[in-house]
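# Architecture and fold: a report
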Amino acid sequence: MESVLITGANRGLGLELQKVFFSGSFNTFPVVRTEEAADQLRMQFPLRCYPIVADLTSDKSIETIRMNLDKNAHSLDVVINNAGISGSEYLIETVRTEEVNNLFNIHCLGPIRTVQACIPNLRKSINPRIINVSSRLGSLTRMASGEFIDRRFSYSYRMAKAAQNMFTICLGQELMKDNITVCAIHPGQLLTRGRSTDADTDPAIAAENLYKWIKVIDINNTGLFVQPLVQNMPW
Ligand SMILES: NC(=O)c1ccc[n+]([C@@H]2O[C@H](COP(=O)([O-])OP(=O)(O)OC[C@H]3O[C@@H](n4cnc5c(N)ncnc54)[C@H](OP(=O)(O)O)[C@@H]3O)[C@@H](O)[C@H]2O)c1
């Protein structure tokens with residue numbers, strides 16, 4: 001039986017991913033921030049669901065995730081770095097360094113912590129895959145084209161997702177020799193709490209597409225940035 005760890009799995013895209021991987025008979029390791037969220041998931045998914053309570057902005061999360069995997073998982077096949085927050089300030093004179101720090105912490109350091117915690121279990125899988133949930137707003141190519149000019153997207157979010165994309169590229173190149181696939185995805189403009197003004201995609205459909213795509217990828221696909229089953233994304 002395959003297993004998946006999904007961060008930010010109590011709502012939005014993460015919860016839809018939890019549902020679709022659970023339906024696909026995966027053992028699931030949803031990472032959430034509170035005991036209440038963990039209890040709710042245990043009730044909703046009484047089997048094959050091992051919630052992990054961790055705040056991914058803290059280094060303590062590395063040990064917490066590692067301990068939980070040691071208890072309940074042998075190998076880990078898929079890790080989805082999905083947890084994230086949005087930013088607000090889009091003018092240089094109002095950008096707060098605290099906001100930028102917070103977004104780098106969750107979007108860049110969060111995936112580093114999660115991968116550090118999961119790598120021993122990933123190495124035991126036949127087809128280990130790490131998927132970083134990025135965004136079209138992390139694409140330097142699309143941003144530089146002027147496509148999003150005047151859209152008032154925050155400095156913090158665009159910078160953090162672009163840096164996360166660089167992490168994806170570096171990690172993919174390092175782990176290629178270990179047969180660990182590393183990709184970035186844009187899930188679409190989702191109708192979730194963190195939605196953009198042009199949101200048009202049901203997160204359940206985005207999760208279904210991501211699931212189908214993850215099922216068929218392997219090391220030959222490492223280094224891709226895609227909107228699964230929709231389009232390739234330029235870095
Ligand atoms: N929405 C879009 O249109 C869109 C577009 C492109 C990319 N994305 C990306 O897709 C991902 C999911 O987006 P979404 O719209 O589903 O977001 P969402 O509904 O706002 O959910 C975010 C999830 O991340 C969790 N989280 C936040 N900070 C955390 C922390 N420090 N530690 C652990 N978990 C934390 C939240 O937990 P709590 O419930 O405890 O806060 C929640 O489960 C994000 O990475 C986002 O940047 C979204």
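Refer to the preceding data block for the structure.
Numbering of residues begins from 1 in every chain and follows the order in which that chain's sequence is written. Residue-level local features of this predicted model are given only where pLDDT is at least 70; pairs of side-chain atoms are given and counted only at 80 or more, and the full residue set underlies all totals for whole chains, interfaces and linings. Working from all heavy atoms in the structure, the side-chain values ignore hydrogens and water.

## Brief notes about the overall build of the protein chain
Heads up, the condition is: Helix and strand labels come from DSSP, where a helix needs a run of H or I of at least four residues and a strand needs a run of E of at least two; each type is numbered from the N terminus. Restricting the calculation to C-alpha atoms gives the radius of gyration, and the globule rule supplies 2.2 Å times the number of residues raised to the power 0.38. Classification of residues uses two cut-offs on accessible area relative to the type maximum, computed with a 1.4 Å probe and protein chains only: under 20% is buried, over 50% is exposed, and between them is partly exposed. Surface accessibility in these figures is a Shrake-Rupley result with a 1.4 Å probe; residues are shielded only by whichever protein chains are displayed. A residue counts as positive if it is Lys or Arg and as negative if it is Asp or Glu; His and the chain ends are not included. For the purpose of locating charges, the reference atoms are NZ of Lys, CZ of Arg, CG of Asp and CD of Glu.
If you tally the helices and strands in the protein chain, you get seven helices and eight strands. A globule of 235 residues ought to have a C-alpha radius of gyration of about 18 Å, and the protein chain, at 17 Å, matches this closely. Considering only C-alpha atoms, the protein chain reaches an extent of 50 × 40 × 30 Å along its principal axes. When each of the 235 residues of the protein chain is scored for burial, the buried share is 52%. Surface exposure of the protein chain reaches about 11300 Å², of which carbon and sulfur atoms provide 52%. On the protein chain, the mean spot of the 24 positive side-chain charges and the mean spot of the 23 negative ones are 2 Å from each other.

## Describing the site of the ligand
The criterion, for reference: Residues are classed as near a molecule or strand on a simple rule: at least one heavy atom within 4 Å of it. The term polar contact refers here to a pair of N or O atoms within 3.5 Å; inside protein, the definition further demands a hydrogen-donor-capable atom paired with an acceptor-capable atom, and it admits residues adjacent in sequence only when both atoms are side-chain atoms. Put plainly, a pocket is an open set of points on a 1 Å grid over the protein atoms alone with protein on both sides within 12 Å along at least five of seven lines, a cavity is a set where a 1.4 Å probe fits but cannot get out, and a lining residue has an atom within 4 Å of a point. If over half the atoms of a molecule are within 2 Å of the grid points of a cavity or pocket, the molecule is regarded as sitting in it. Each residue is assigned to one of three groups, with Ala, Val, Leu, Ile, Met, Phe, Trp, Tyr, Cys and Pro labelled nonpolar, Asp, Glu, Lys and Arg labelled charged, and all others, Gly among them, labelled polar.
In the neighbourhood of the ligand, 28 residues make up the surrounding shell, with Asn10, Arg33, Tyr157, Leu190 and Thr192 lying closest. A distance of 3.3 Å separates an oxygen atom of the ligand from a polar atom in the backbone of Gly8. Contact distances for the ligand include 3.1 Å between an oxygen atom and a side-chain N or O atom of Lys161. Compared with its free state, where it exposes 910 Å², the ligand has 91% of that area covered by protein. At a threshold of 2 Å from the grid points, most atoms of the ligand map onto the largest pocket. For the shell around the ligand, a count of residues per class yields 10 nonpolar, 14 polar and four charged.

## Concerning the packing of aromatic side chains
Keep this limit in mind: Only rings of Phe, Tyr and Trp enter the pairing, Trp through its six-membered ring, and a pair is recorded when the two centres are within 6.5 Å. The plane angle decides the type: under 30 degrees is stacked, over 60 is edge-to-face, the rest tilted.
Here the structure, examined in full by the defined rule, presents seven aromatic pairs. Centroid distance Phe21 to Tyr211: 4.9 Å. Interplanar angle 85 degrees. Geometry classified as edge-to-face. One end of the pair, Phe21, is in helix α1 (residues 12–23); the other, Tyr211, is in helix α7 (residues 203–216), and 190 residues separate them in sequence. Each member of the pair, Phe21 together with Tyr211, is buried.

## A short note on the pairing of strand β5 (residues 129–133)
What counts is decided by this rule: We call two strands paired when DSSP finds no fewer than two bridges between them. Here the term right-handed applies to a crossover when the path leading from its first strand over the helix to its second strand runs clockwise, the strands being oriented away from the viewer.
Most of β5 is tucked away: five of the five residues are buried. By the bridge criterion, four bridges tie strand β4 (residues 78–81) to β5 in an arrangement that is parallel. Within β5, the residue paired with Val79 across the bridge is Ile130. Each parallel crossover has a hand, and the one from β4 via helix α4 (residues 97–122) to β5 is right-handed. Relative to strand β6 (residues 181–185), β5 runs parallel, the two sharing five bridges. Pairing of Ile130 across the sheet is with Val182, part of β6.

## Describing unusual backbone geometry
Here the phi dihedral of Ser25 falls at roughly 70 degrees; this positive angle occurs in a residue that is not glycine. Along the chain, the position of Ser25 falls in the loop between α1 and β2 (27–32). Although it is not a glycine, Leu229 adopts a positive phi angle of roughly 60 degrees. Within the secondary structure, Leu229 sits in the loop between β7 (225–227) and β8 (231–232).

## A look at the side chain of Asn165
Put simply, the test is: The contact definition used throughout considers only heavy atoms, calling two residues in contact when any of these lie within 4.5 Å.
By the secondary structure assignment, Asn165 is in helix α6 (residues 155–175). Among the polar contacts listed, one links the side chain of Asn165 to the side chain of Ser134, at a separation of 2.7 Å. Those residues within four positions of Asn165 in sequence are excluded, and the remaining contacts are Ser134, Gly138, Ser139, Ala184, Phe225 and Trp235.

## Concerning the environment of Ala204
Position of Ala204 among the secondary structure elements: in helix α7. With 192 residues separating them along the chain, Ala204 and Gly12 place their C-alpha atoms 8.7 Å apart.

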